[in-house]
Amino acid sequence: MSLFDPPPGEGTELLPHDGSAVIHLDVLSPAEARAAFASLRDELEFHQNHLRMFGRVIPEPRLVSWVGDPDARYSYSGIELSPAPWTPTMSRLREVCERVADTTFNSALINLYRNGADSVDWHSDDEPELGPGIASLSLGAMRRFDLRHRVGGETVKVDLPAGSVVVMSRGCQTHWVHRIAKTKRVSEPRMNLTFRTIRGAARSND
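Quick summary incoming for the structure in this document.

**A word on the packing of aromatic side chains**
Each aromatic ring pair is characterised by the separation of its centres together with the angle its planes make.
Part 1 of the reasoning: Tallied over the full model, the rule gives three aromatic pairs.
Part 2 of the reasoning: Taking the centre distance of 5.0 Å and the plane angle of 25 degrees together, the rings of tryptophan 66 and tyrosine 74 count as stacked.
Part 3 of the reasoning: Since its relative accessible area comes to 3%, tryptophan 66 is described here as buried.
Part 4 of the reasoning: By relative accessible area, which is 2% here, tyrosine 74 ends up buried.
Part 5 of the reasoning: The structure contains a cluster of three or more aromatic residues connected by ring pairs, namely Trp86, Phe105 and Phe195.
Part 6 of the reasoning: Here arginine 94 stacks its cationic end above the ring of tryptophan 86, 4.0 Å away from the centre of that ring.
Part 7 of the reasoning: The ring of tryptophan 122 has arginine 148 sitting right over it, with the charged end atom 4.2 Å from the ring centre.

**Points about the pattern of salt bridges**
Part 1 of the reasoning: Going through the model one piece at a time under the given rule, you end up with eight salt bridges.
Part 2 of the reasoning: The salt bridge involving arginine 114 is made with aspartate 118; its shortest N-O contact spans 2.7 Å.
Part 3 of the reasoning: Its relative accessible area of 36% is what places arginine 114 among the partly exposed residues.
Part 4 of the reasoning: Through salt bridges that share partners, Arg144, Asp146, Lys157 and Arg179 make up one connected network.

**Digging into the side chain of serine 124**
Part 1 of the reasoning: Mapped onto the elements, serine 124 comes out in the loop between strand E9 (120–123) and strand E10 (133–140).
Part 2 of the reasoning: The exposure class assigned to serine 124 is buried, which follows from its relative accessible area of 11%.
Part 3 of the reasoning: Looking at serine 124, its side chain comes within polar contact range of the side chain of aspartate 126, at 3.2 Å.
Part 4 of the reasoning: Within the structure, serine 124 has its side chain in polar contact with the side chain of arginine 150 (distance 2.4 Å).
Part 5 of the reasoning: Once residues lying within four places of it in the same chain are set aside, the contact partners of serine 124 are Arg150, Gln173, Trp176, Val177 and His178.

How each quantity is defined
Residues numbered from 1 in each chain as written. Predicted model: local features only at pLDDT ≥ 70, side-chain atom pairs only at ≥ 80, totals over all residues. Heavy atoms only, no water. Phe/Tyr/Trp six-rings, centres within 6.5 Å; stacked < 30°, edge-to-face > 60°. Buried < 20%, exposed > 50% of the residue type's maximum accessible area, 1.4 Å probe, protein only. Lys NZ or Arg CZ within 6 Å of the ring centre and 35° of its normal. Salt bridge = Lys/Arg side-chain N within 4 Å of Asp/Glu carboxyl O. Helix = DSSP H or I, 4+ residues; strand = E, 2+ residues; numbered from the N terminus. Polar contact = N/O pair within 3.5 Å; in protein donor to acceptor, adjacent residues only side chain to side chain. Contact = heavy atoms within 4.5 Å.

Set out below in structure tokens:
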């Protein structure tokens, strides 16, 4: 099996109803995941955005980088992101996630959680400019991923090891919210690469 060539497999469905979130384990081997993490730390520029909430400006509890095709602009929580160009490692990982998700992507939001104190609160990636699905690749430290149904309140909790990919449908974003909670049990950094399609932005073949 060649580098960054995901093994076959259907994955495991995490949601009982109202959308789909399928986890694929061991898409990257431990060595491949470590190499990708190290390369991305060198290739990407991370920064900390600030949110305006309840009349206050507060820093997001994580670092982010936005990569994509030139016209793949994205906004969330009042933050406007312009894409940095695809790096060699990001291009290879995009191809991996496109094979796993059986679709194409023109952008990616990379979250860098420096340790267990970094987090992302309950939210859904349901902005109208986003396409039908998202593939989320985990690198670095294992963190717990929580999903909660908007109406019923039932929750799904799963640990995301390095090299795993979760493919979430549009229905998942409509009916469920998700988060990475703070934890005192993790001191190592983690990266989460969420590959997306911005509607109206062409996909480049770099």
